[in-house]
Amino acid sequence: MAKLYALFLIVVLSAVADGAVEPYERAAAVRMMSAQSAALDRVARAGSRTPPPVCSDAVFLRRVYLDVLGVLPTGEEAAAFLADKAPEKREALIDRLLARPEFADYWGMKWGDILRVKSEFPVNLWPNAAQAYDAWIRDALRRNMPYSEFARRLLTATGSNFRVPEVNFSRAAGGHDPASLAASAAVVFMGARTANWKPAQRDDLAGFFSSVRFKKTNEWKEEILFIEPGGDVRRSLRLPDGTDVRAGADPRAVLADWLIASPRSPFAANGANRIWFWLFGRGIVHEPDDFRPDNPPTHPALLDFLAKRFAESGYDTKALLRTILNSDSYQATSISALLSDKRPTGTYPTRRVEAEVLVDAINRITGSADEYSSVIPEPFTFIPEGTRAVALPDGSITSTALEIFGRPPRDTGLLCERPARVTTAQRLQLMNSGYILRKLEKSRKLADLARSAKDVRSAADALYLEILSRHPTDDELAVIAAHEPPGKNPARQKFLDVAWALINSPEFLFKH
Amino acid sequence: MNSILSHIPFGANLSRRALFRYSFLTTAAMMLDRRGLLAAAPPAPAARAATAKAVIQIWLWGGPCHIDTFDPKPDAGRDFCGPLNEALATNVDGIRLGKLLPNLAGQADKFSLIRGMTHGNNGHETAAYMVQTGHSSGERIVYPSMGAVVSLFKGYDAGYTGLIPPYIVLTEPQGRFSEAGFLGPRYKPFATGGDPAKPVFAVEGIVAEGISPEHQKMRRKLLGELDSLGRHFSDDPGFMDYKKCGDEAYDMILGEGAEVFRLSNETDALRERYGRNSFGQSCLAARRLVERGAKYITINYKGWDTHKQHFQTMNRKLPELDRGLATLLADLSDHGLLDSTIIWCGGEFGRTPRVQWEAPWNGGRSHYGKVFSTLVAGGGFRGGHVVGASDARGEEVADRPVYPWDLTGSMYELLGINPDATFPRTADASVRLTPEIGGDIKSGGRLAEIM
């Protein structure tokens, strides 16, 4: 798909804003954009007279790494990208990132949140089932399984929770009764909270789950989902759009067919809107899991555009991501002072980096690792050393740092479970905890970086590339030169203080 | 964000059950939390005037054995008592304690013992959830722990202006159930980390060893000067939070926060009396926090899950518990703080009264939710009483059961929080601080006899 529309590259001359902010916005540049992405911008920015400036290469680099992979670029990657003069370098980077294995780790975490992959209370999937489920989800993302197939398999799975991981979708629903199963399917695949529906509508949807049964086996905590045999396959059920259909052997399959294929189904719009939310921190329908008539999209044409493209591509998640990521709408500046436009399509909204991504980034910068384990419930779970927090296979496994920065409890599966605010406890943790200070002081990686730099300037440059993915400005170098910390080894202390300051800066803490 | 409440249409036709099932209140509270709209919530009407201003919860994680501590059964024989086959008389006639608690025996007039605690659950997580939230675990909604509820009604939303967080855990979080449930992360406890028994109590984030106040100030200046991005975002809500929280953090690092945790300001004699171990010094830190106005302090005292090596562990831990808790009671009393501070001490359940002498336990005890004991003191609880009883072997409640919600409800009353009220600003009137009694929810009634 990428190759197909790469043939229709359009050369974009970015709008030149007077007084573009360095080093965060670029003054002018030529870059390549696909026809799809240009079409997205036309829809997103219809009626907007002065589109905002595009972000600088440095901002784009950091942003797209965090949004696609949930990792920071290394210092070398940052230096290479910034030095690259090719006009198509942003598009090429997007393609490279979408092909990297960290993509599945990061998006698997996002899906784990909404599918409630968690061994303990209140989901109680149990450790081995949670891990099997998590592995299945990440494998589907790795293979870019069409979203339609992903949904169908989750919705219609039968078998053992240990052997058919998708079955855990139903086990995580919160109840084994048809109403709970229906509510879970509605919120995940329609963005609908059935509590808002009329009782008759709720009952209609529950009807598609009325043949689902569960049974225990002799294996500890094994549970088998099966379809009650002998149901009347010709009985009539009512779809959410009011159409009556025959139940069939497994009515869930009938519902899945309608969801995926019907033009009246919110499936594509909901799926595309959630992807938009994940990239921008705000849905075109917001909250993305609260689709209802009195919560309309802020940009209906844009949502329609995205949903159509998503469905037409055969529900190819990476193709949709590629279209959005290459657009000016995504690559817009985040600096609000210059703007006359309204979000979500005006600028890239700032928000705090997620707990797991932040902890991983700090470990990457300092060359350290956190240990993760869970001793409740038994059997105990010990996560292999060096596993990144975004790759944790179970929402029950956490750490003090992750809790402080808001790893979601996966109690409800709603997207608002992931807190985005900065708190005093977070600032204390990042500024002054033994957790952070030890990582900085004991970092061999940072020590090597300092040792190999020939002067303060090149040391600062290395730190800036590693932590903020850009070169320092002259003003910043002057500030660093003037900083004279106490201690026996002021040069080393200065280096550590600068690393500390960059890790504590909002430029590090926020996506921007 | 002002439209948050209108954003959540609670249909009038929804049943309470449906609301729970769809976890809507959770959403509501989370969204409210984002902009602190709960802050405007009026306090729930109090059932009685508050006698307690603060709570110290001593959480014996793992489940301490009731018959080795607060409910001794010296006549039950070796299969039940093992080597701990004596009980101590106390300074209150008729109350006896386990033989390893001599200091507490001298303070029995200050506390009361609930010997008919029960919930019947033998799983750590579920039992801990029940005891800490005062709710059964069957609901789809995840309730906040008592500390988070006290933080809601007595913390920042109720005019608390202290720099010290209103809800603090010494030293490590208890896990899921010390937490805020549907109230959201704003009501989570601040966990100190560090070890109060070390020369410097390195409270995570507040007290950093090896960084002088001068160096802290230099770093703060450096951070400000290097913040090239932030200056373009002076009106961005996230960046404004970042700045405000940073100022508060430095007030803690350079001021009151560091001061309250400086246990070296206390006399050596007092520190000895508390015991020079992590638990004892946590008790001392708790008293200092109460003095500074903290509302809910949990001392998370681990190591009570004694499936094996039970009696060896008791010989080691009970003297620590005895010394720390007895000194805390006396010290609070000396400072005139006991009358306004509730202390409750217990775990998520008791342990099997019959000792498991067989392999692989070789003298261990398992989980036991059918009957267990909790100690309460201060804040309006009368001392010198025993509420309820277990049977001759500590296996069943013999008299006056007390369920977790009976206990949390009693404490809410003493704090001037109406336990029968609903959580503020939730659109459905059924989400109560304590569960409605009836059906599966049994009750022995609140602790009127000692209040």
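Everything numeric here is computed off the predicted structure, so don't read it as measured data.

(A) Looking closely at the overall build of chain A. A tally of regular secondary structure across chain A gives 24 helices and 11 strands. In chain A, the proportion of contacts linking residues at least 24 apart, taken out of those at least 6 apart, comes to 68%. Surface exposure of chain A reaches about 19,100 Å², of which carbon and sulfur atoms provide 56%. Considering chain A, the positive charge centre built from 67 side chains and the negative charge centre built from 63 side chains are found 1 Å apart.

(B) Representation of a nonpolar patch on the surface in the model. All names here are of chain A. Together, Val375, Phe380 and Phe382 make up a nonpolar patch on the protein surface, roughly 340 Å² of accessible area in all. Its place among the elements puts Phe380 in the loop between β9 (373-374) and β10 (381-382). Residue Phe380 is classed as partly exposed on the basis of its relative accessible area, which comes to 47%.

(C) Molecular detail of the domain arrangement of chain A. Residue and element names in this part refer to chain A. Under the domain assignment used here, chain A contains domain 1 (2-100 + 305-350) and domain 2 (422-511). Contact with domain 1, which involves 17 residues of that partner, is made by 12 residues of domain 2. Seen at the junction of domain 1 and domain 2, the total is one salt bridge. Here Lys511 makes a salt bridge to Asp67, at a shortest N to O gap of 2.9 Å. Summed over the shared surface of domain 1 and domain 2, the number is seven residue pairs in polar contact (both at pLDDT 80 or more).

(D) Broad picture of the pairing of strand β4 (residues 111-117) of chain B. Residues and elements named next belong to chain B. The element β4 is extensively covered by neighbouring structure, given that seven of its seven residues are classed as buried. Bridge count for β4 against strand β11 (residues 372-377) is five bridges, and the pairing is antiparallel. Counterpart to Phe111 in the pairing with β11 is Ala377. As defined by bridge partners, β4 adjoins strand β12 (residues 386-387) across two bridges and the pair is classed as parallel. Considered in β12, the bridge of Leu113 is made with Val386.

(E) Structural detail: the pattern of salt bridges. Residue and element names in this part refer to chain A. Enumeration over the complete set of coordinates arrives at 66 salt bridges over all chains. As a salt-bridge pair, Arg90 and Asp57 come within 2.8 Å of each other at their nearest N and O atoms. On the criterion of sequence distance, the pair formed by Arg90 in helix α5 (residues 89-98) and Asp57 in helix α3 (residues 57-68) is long-range, its members being 33 residues apart. Arg90 sits in the buried class, given a relative accessible area of 4%. Assessed through its relative accessible area of 21%, Asp57 is described here as partly exposed.

(F) Region of interest: helix α7 (residues 146-154) of chain B. All names here are of chain B. Of all nine residues that make up α7, eight are buried, and the element is covered over most of its length. Turning to α7, its buried residues number three or more, namely Met146, Gly147, Ala148, Val149, Val150, Ser151, Leu152 and Phe153. Elements that come into contact with the buried residues of α7 comprise α6 (124-133), β5 (167-170), β7 (296-301), β8 (341-346) and α14 (404-414).

(G) Spotlight on α14(B). All names here are of chain B. Of all 11 residues that make up α14, 11 are buried, and the element is covered over most of its length. Those residues of α14 not exposed but buried are Pro404, Trp405, Asp406, Leu407, Thr408, Gly409, Ser410, Met411, Tyr412, Glu413 and Leu414. Looking one or two residues beyond α14, the residue adopting positive phi is Gly416, at roughly 80°.

(H) How the structure looks around the interface of chain A and chain B. On the chain B side, the residues contacting the 76 residues of chain A number 64 residues. Summing both sides of the interface, chain A and chain B together bury roughly 6,100 Å²; the carbon and sulfur share of this comes to 63%. Looking only at chain A, the three residues that lose the most surface to chain B are Phe121(A), Arg421(A) and Asn432(A), adding up to 12% of its buried area. Connecting chain A to chain B are three salt bridges. For the salt bridge of Lys188(B) with Glu403(A), the shortest nitrogen-to-oxygen distance reads 2.8 Å. Linking chain A to chain B there are 15 residue pairs in polar contact (both at pLDDT 80 or more). Of all the secondary structure elements, the ones that give two or more residues to the side of chain A that touches chain B are α10 (178-189), α11 (199-207), α17 (400-404), α18 (424-432), α19 (434-441), α22 (474-482), α23 (490-504) and α24 (506-509) of chain A. Among the residues making up the side of chain A that touches chain B, the classes are represented as 33 nonpolar, 23 polar and 20 charged.

(I) Broad picture of the packing of helix α8 (residues 147-156) of chain A against helix α13 (residues 267-280) of chain A. Residue and element names in this part refer to chain A. Contact pair α8 / α13: the axes reach a minimum separation of 11 Å and the direction vectors enclose 110°. Judged by the angle between their axes, α8 and α13 are roughly perpendicular. Of the residues in α13, those in contact with Tyr147, Ser148 and Ala151 of α8 are Phe267, Asn270, Gly271 and Arg274. Looking at the contact of α8 with α13, its residues break down into three nonpolar, three polar and one charged.

(J) Representation of the confidence of the model for chain A. All names here are of chain A. When pLDDT is averaged along chain A, the result is 91, and 93% of the positions lie at 70 or above. Here residues 1-8 is modelled with pLDDT under 50, and outside its nearest four sequence neighbours on either side it reaches 10 contacts, counting other chains as well. A low-confidence stretch, residues 340-344 (pLDDT under 50), is modelled with 13 contacts involving residues beyond four sequence positions or located in other chains.

(K) Geometry of the sheet that holds strand β1 (residues 54-60) of chain B. Residue and element names in this part refer to chain B. Taken in spatial order, the eight strands line up as β6-β5-β7-β1-β8-β11-β4-β12 in an open sheet, and their pairing is mixed. Each having just a single partner strand, β6 (190-191) and β12 make up the two edges of the open sheet. For β5 and β6, the ladder comprises two bridges, and the chain directions are parallel. Among the inter-strand pairings, Val169 is bridged to a residue of β6, identified as Ala191.

The rules behind these values
Every residue gets a number counted from 1 within its own chain, in the order that chain's sequence is written. Here the convention is simple: chains get letters from A, ligands get numbers from 1, in the order in which they are written. For a predicted model such as this one, the threshold for reporting local features is a pLDDT of at least 70, and the threshold for listing and counting side-chain atom pairs is 80 or more; totals across whole chains, interfaces and linings nevertheless cover every residue. Neither water nor hydrogens contribute to the side-chain values; these are computed over all heavy atoms in the structure. Helix and strand labels come from DSSP, where a helix needs a run of H or I of at least four residues and a strand needs a run of E of at least two; each type is numbered from the N terminus. Note on contacts: a residue pair is in contact if any heavy atoms of the two residues lie within 4.5 Å. What sets the accessible areas is the Shrake-Rupley method with a 1.4 Å probe; for residues, cover comes only from the shown protein chains. Just so you know, the count uses Lys and Arg for positive and Asp and Glu for negative, and it drops His and the chain ends. The atoms used to mark charge sites are NZ of Lys, CZ of Arg, CG of Asp and CD of Glu. Patches in this entry comprise residues that are over 30% relatively accessible and not in a salt bridge; like charges within 9 Å are linked, as are nonpolar side chains (Val, Leu, Ile, Met, Phe, Trp, Tyr) within 5 Å. Salt bridge, as used here, is a side-chain nitrogen of Lys or Arg placed within 4 Å of a carboxyl oxygen of Asp or Glu. Note on exposure labels: buried denotes an accessible area under 20% of the residue type's maximum, exposed denotes more than 50%, and partly exposed covers the range between, all computed with a 1.4 Å probe on protein chains only. Segmentation of the chain into domains, including their bounds, is taken from an automatic or database domain assignment. By the criterion applied in these results, polar contacts are pairs of N or O atoms within 3.5 Å in which, for protein atoms, one can donate a hydrogen and the other can accept it, and in which residues neighboring in sequence qualify only through two side-chain atoms. Paired strands, in this sense, are two strands between which DSSP finds at least two bridges. Put simply, buried area is the surface a 1.4 Å probe can reach on two separate parts but cannot reach once they are joined, added for both. Each residue gets one of three labels, nonpolar for Ala, Val, Leu, Ile, Met, Phe, Trp, Tyr, Cys and Pro, charged for Asp, Glu, Lys and Arg, and polar for the others, Gly among them. Between N-to-C directions, angles cover 0 to 180 degrees, with each direction set by a line fitted to C-alpha atoms, over the stretch in contact for helices. Here the word oblique covers every angle except those under 35 degrees (roughly parallel), over 145 (roughly antiparallel) and from 65 to 115 (roughly perpendicular). Think of pLDDT as the predictor's per-residue confidence, scored from 0 to 100.

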